[in-house]
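Next come the chains, spelled out residue by residue.
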Amino acid sequence: MILHIDMDAFFASIEQRDDPRLIGKPIVVGGHSKRSVVSTASYEARRFGIHSAMPMFMALEKCPHLIVVQSDKTKYAAESNRIMAIFNDFTPVVEPVSIDEAYLDVTGCERIFGPPHNIAMIIKERVKKETGLTCSIGGAHLRFLAKIASDVNKPDGIFIIEQDQIPEFIETLEVRKIPGVGKRAMEQMEKLGIHTLGDVNRLSPAILKHKFGKFGTQLRNYARGIDPSTVGADGPRKSISSESTLENDTSDMEFIKKQLLAHAQRVGRDLRRQELLAANVTIKLKFSDFTQITRQNKLTAPICSSSAIYREAVRLVEKFAITKKIRLLGVGVSSFSDPGTPVQLDIFESTERKEEKWETVDKAVDKISRRFGNNIIKKATLNNPDKPE
Amino acid sequence: MKFSADRKSLSEVLAQVQGICGRKTNLAITSDVLIKVAGSEVIIMANDLETVFQGQYEAEVESDGIISINAKKLYEIIREYPDSLVPLNEIENRWVEIGKDNIQYHIVSSDYDNFPETPLIEDIPFVEIESAALKKMVEVSSMIGFSSDEKRIYVLGALLEKVVDDKGECLRMVSTDSRRLNCFDATYEGEFIVPDENIIIPKKGLSELGKFLDREGTVKIGIKEDHFIVQKRNETMMIKLLEGDYPDYRRVINTEQMTPVEMDRTMLLMVMKRISILSSDDYKSVMFNFKENQLVVTITNPEIGESKEEINIGYGGEAFESAFNPRYFIDALNAVDSSTVVLNVKGAKNPCIIKGLDDEKLVCAIMAMSV
């Protein structure tokens, strides 16, 4: 049995929990700037037609007394970690899909916690007790159905599809609810007279393949109750990155460098917390015309100091001749290695790894930040309100 | 253009240029060979814009002319041709007829005007060097390769130097990938005039040069502006030099502060081959534990297991432990010509410098790994 757990209005609920004055009021979490979008809307705000990803100005038009709360990603991430840890108490097979959503494979856990519905109830109670937040849980033997099920009784609900209920559920399941069916696919479906997943079974595989390509084959499998995808426990991370949209599009290199430094520090901190070294540095730039590029550099010696990540990121940006204003930028690292594994030294370098001194500084800063907060100590150049922290 | 040439020798020449013509460049025509026929001679050229081959051969010529034709297809046709003499004939409009009577190929050739120009080789002060020595020098240097995304000039190319010391003058080639470094010396006849800039020969060209050189006789070498030129009696290879800095390799191969340890070359080679059985991509380091009169090598691969070998050596220095990639030892020991090798060592995180006991020509430096 696969459970899909989705937190209810995650960011907004956290804010309402932490500030009782917000309870029962339409609030959204997001940025205050003119370019911000809503990241989460409370259920009260949703009644005004406000939803995630809606531009903030539009949300304010729909609900002028809307309360906008500045998002605090660090707080949400900490909350998410607490919740994922709770899930891990029930099964080792937990696959977080985003900050507020995870799949759990609870097959075999019935003997300890009872039938799936019971497991879902215990999880909900524990989440509520330990974090004060509510979630919605869906359960099914098929992964895609578990996701759909979690939406059925949302918010604060449970919906389990038992094996023998699957054919009936599929027959009447609206196709638009299936993950992957977007607006354009929906138009095609309408033309073909497909409204429910059951309708898909009445089309020939050839037509499905022709109209929807690979997704058509997947749809057909779904319709026949086949979904081979399993819940993957969190494998080792392949990359760490940080990016942000700028307040204003810019081509000011000094400003860009400051942003890169801030991102490099975040990425570096994350890297060092996981005790990894990275041998690949990537930058991502999105321009005012929404085109985007990524550039990467493979390093001969793996690094983990923020200064080294920053230096490589700046080198990559400078190498790319920027002709357009930048809208978004990001820094990432990958090709991880364990600092314990032997590293081939460079025959022309001195015997120590060059970055070690900065790594020591960074590790000290990390310790201070962990104890007193991320903004308590930072590079002097970052001491202005434009930081993306 | 119409001529007939000996199938075997033509096939050998074409085999030799496949490397040059097979390389991808910005110009499609670099996959061609240029065939120029004049008098009683056929000139064959290949050019990948970096490495140029040119050879002159005798042939039965009926009429002069020039064609530019795909090197791979021409080679395959000629290699499989049954007679000892192959006729080539440009009929019209760049159509080339190969063969006669009951075997006939018609192949489209390209416009030879587009074939890249060959650098002029005139007034070059050549020096003479034994072909076998140069071949060994080139092989030892190309042993250290580079990855496809490599950008450092000193890794992409090998350094050529004239070395003058109390033993006289010699030619030296240094090759590195910043993990290990090989340095090979060879003597020559004549006065070698070197430019002020570093001579850095691309390793791609060197691997072609390795095929070009025979194990006997002598060849002439010279530098002309930005080309390294090697000349046999009727064949020439020109390699365009790279421009860039070269790190201070002399500091790396300086063994003054190091402790020498003599070992039997074959014995150490066998040890390295056995120990590397347990190495994998993730675990390729072997621990070398130098103690008084003993060397213990161990490898631990958590995925497979571990192994350990003890060797008696004449070592009286301070005991230390250092890690190395055994692959590099195998390569170096295979290249050394001496039955006894000298390992120069100096604590952890330092290179190990390998030389032959009675052969100072080759120096192999292998950098340690940090553990």
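Residues numbered from 1 in each chain as written. Chains lettered and ligands numbered in written order. Predicted model: local features only at pLDDT ≥ 70, side-chain atom pairs only at ≥ 80, totals over all residues. Heavy atoms only, no water.

Participant: Would you mind showing me how to read the overall build of chain B here?
Facilitator: The secondary structure content of chain B amounts to eight helices and 26 strands. When burial is assessed residue by residue, chain B has 52% of its 371 residues classed as buried. Intrachain contacts of chain B at a sequence separation of at least 6 include 64% that bridge at least 24 residues. As presented, chain B carries roughly 17,700 Å² of accessible surface, and 44% of it is formed by carbon and sulfur atoms. (Helix = DSSP H or I, 4+ residues; strand = E, 2+ residues; numbered from the N terminus. Buried < 20%, exposed > 50% of the residue type's maximum accessible area, 1.4 Å probe, protein only. Contact = heavy atoms within 4.5 Å. Areas by Shrake-Rupley, 256 points an atom, 1.4 Å probe, with all protein chains shown as cover.)

Participant: Whenever I open this one, the sheet that holds strand 23 (residues 340-345) of chain B confuses me. Can you help?
Facilitator: What holds strands together in a sheet is hydrogen bonding between their backbones, with the strands either parallel or antiparallel. All names here are of chain B. Read from one edge to the other, the open sheet built from eight strands follows the order 14-11-12-13-25-24-23-18, with strand pairing classed as antiparallel. Edge positions in the sheet fall to strand 14 (199-202) and strand 18 (259-264), since each has one partner strand and no second. Ignoring which end each strand starts from, the neighbouring axes of this sheet average 25° apart. In the sheet, strand 13 (residues 180-186) pairs with strand 25 (residues 359-366) via five bridges, with the strands oriented antiparallel. Note on strand 25: the bridge partner recorded for Leu181 is Ala365. Contacts between helix 3 (residues 131-142) and the sheet are confined to strand 11 (157-165), strand 12 (168-176), strand 13 and strand 25, with strand 13 contributing the most and set at about 175° to the helix. Taken strand by strand, helix 7 (residues 265-275) contacts strand 18 and strand 23, and its axis lies near 85° from that of strand 18. (Pairing = 2+ DSSP bridges. Axes fitted to C-alpha atoms, helices over the stretch in contact; angles between N-to-C directions.)

Participant: Which parts of the structure should I look at to understand the packing of aromatic side chains?
Facilitator: Within a pair of aromatic rings, the relevant descriptors are the distance that separates the centres and the angle that separates the planes. What the rule picks out here adds up to 17 aromatic pairs over all chains. Measuring from ring centre to ring centre gives 5.5 Å for B:Phe290 and B:Tyr315, while their planes differ by 50°; the resulting arrangement is tilted. Placement of the pair is B:Phe290 in strand 19 (residues 286-291) and B:Tyr315 in the loop between strand 21 (305-312) and strand 22 (320-324), with a sequence separation of 25 residues. One aromatic cluster in this structure is built from B:Phe288, B:Phe290, B:Tyr315, B:Phe320, B:Phe324 and B:Phe329. Sitting above the plane of the A:Tyr103 ring, A:Arg143 keeps its charged end 3.9 Å from the centroid. Between B:Lys232 and the ring centre of B:Phe212, over which it is positioned, the NZ or CZ distance is 4.4 Å. (Phe/Tyr/Trp six-rings, centres within 6.5 Å; stacked < 30°, edge-to-face > 60°. Lys NZ or Arg CZ within 6 Å of the ring centre and 35° of its normal.)

Participant: Even after reading the chapter, I still don't get the environment of A:Ile27, so can you show me in this structure?
Facilitator: Residue and element names in this part refer to chain A. Along the chain, Ile27 turns up in strand 2 (residues 27-30). Taking C-alpha positions, Ile27 is 6.8 Å from Ala12, a pair spaced 15 residues apart along the chain. Those residues in contact with Ile27, other than ones at most four positions away along the chain, are Ala12, Glu15, Gln16, Leu22, Thr40, Ala41, Ser42, Ala45, Leu66, Ile67 and Val69.

Participant: Explanation requested: the interface of chain B and chain A in the structure shown.
Facilitator: Accessible area lost upon the coming together of the parts is a frequently used measure of interface size. Listed per partner, the contact involves 25 residues of chain B and 12 residues of chain A. Buried surface at the junction of chain B and chain A, both sides included, amounts to about 1,700 Å², of which 61% is carbon and sulfur. Looking only at chain B, the three residues that lose the most surface to chain A are B:Lys349, B:Met367 and B:Ser370, adding up to 30% of its buried area. Here chain B and chain A share zero salt bridges between them. At the junction of chain B with chain A, the criterion picks out seven residue pairs in polar contact (both at pLDDT 80 or more). Among the elements that line the side of chain B that touches chain A, the one with the most residues is helix 6 (residues 249-253) of chain B, at three residues. Of the residues belonging to the side of chain B that touches chain A, the class tally is 12 nonpolar, six polar and seven charged. Here strand 13 (residues 343-344) of chain A pairs with strand 26 (residues 369-370) of chain B via two bridges, running antiparallel. Counted as the bridge partner of A:Val343 is B:Ser370 from strand 26 of chain B. (Buried area = accessible area lost by both parts, 1.4 Å probe. Salt bridge = Lys/Arg side-chain N within 4 Å of Asp/Glu carboxyl O. Polar contact = N/O pair within 3.5 Å; in protein donor to acceptor, adjacent residues only side chain to side chain. Nonpolar A, V, L, I, M, F, W, Y, C, P; charged D, E, K, R; others polar.)

Participant: It is not clear to me how the environment of A:Asn248 should be interpreted in this structure. Could you clarify?
Facilitator: Residues and elements named next belong to chain A. As for its placement among the helices and strands, Asn248 is situated in strand 9 (residues 239-250). What makes Asn248 partly exposed here is its relative accessible area of 43%. Separated by 213 residues in sequence, Asn248 and Arg35 have C-alpha atoms that sit 8.6 Å apart.

Participant: Looking at this structure, how should I read the sheet that holds strand 6 (residues 101-105) of chain A?
Facilitator: All names here are of chain A. As summarised here, the arrangement of the five strands in space is 5-6-1-7-8, forming an open sheet in which the pairing is mixed. Edge positions in the sheet fall to strand 5 (94-98) and strand 8 (158-160), since each of these pairs with one other strand and no more. Pairwise comparison of adjacent strand axes, ignoring direction, gives a mean angle of 15° for this sheet. Pairing analysis gives three bridges linking strand 7 (residues 135-140) to strand 8, with the strands arranged parallel. Its bridge partner being in strand 8, Gly138 is matched across the sheet by Phe159. Contacting strand 1 (2-7), strand 6, strand 7 and strand 8, helix 6 (residues 116-131) runs over the sheet at an angle of about 160° to strand 8.

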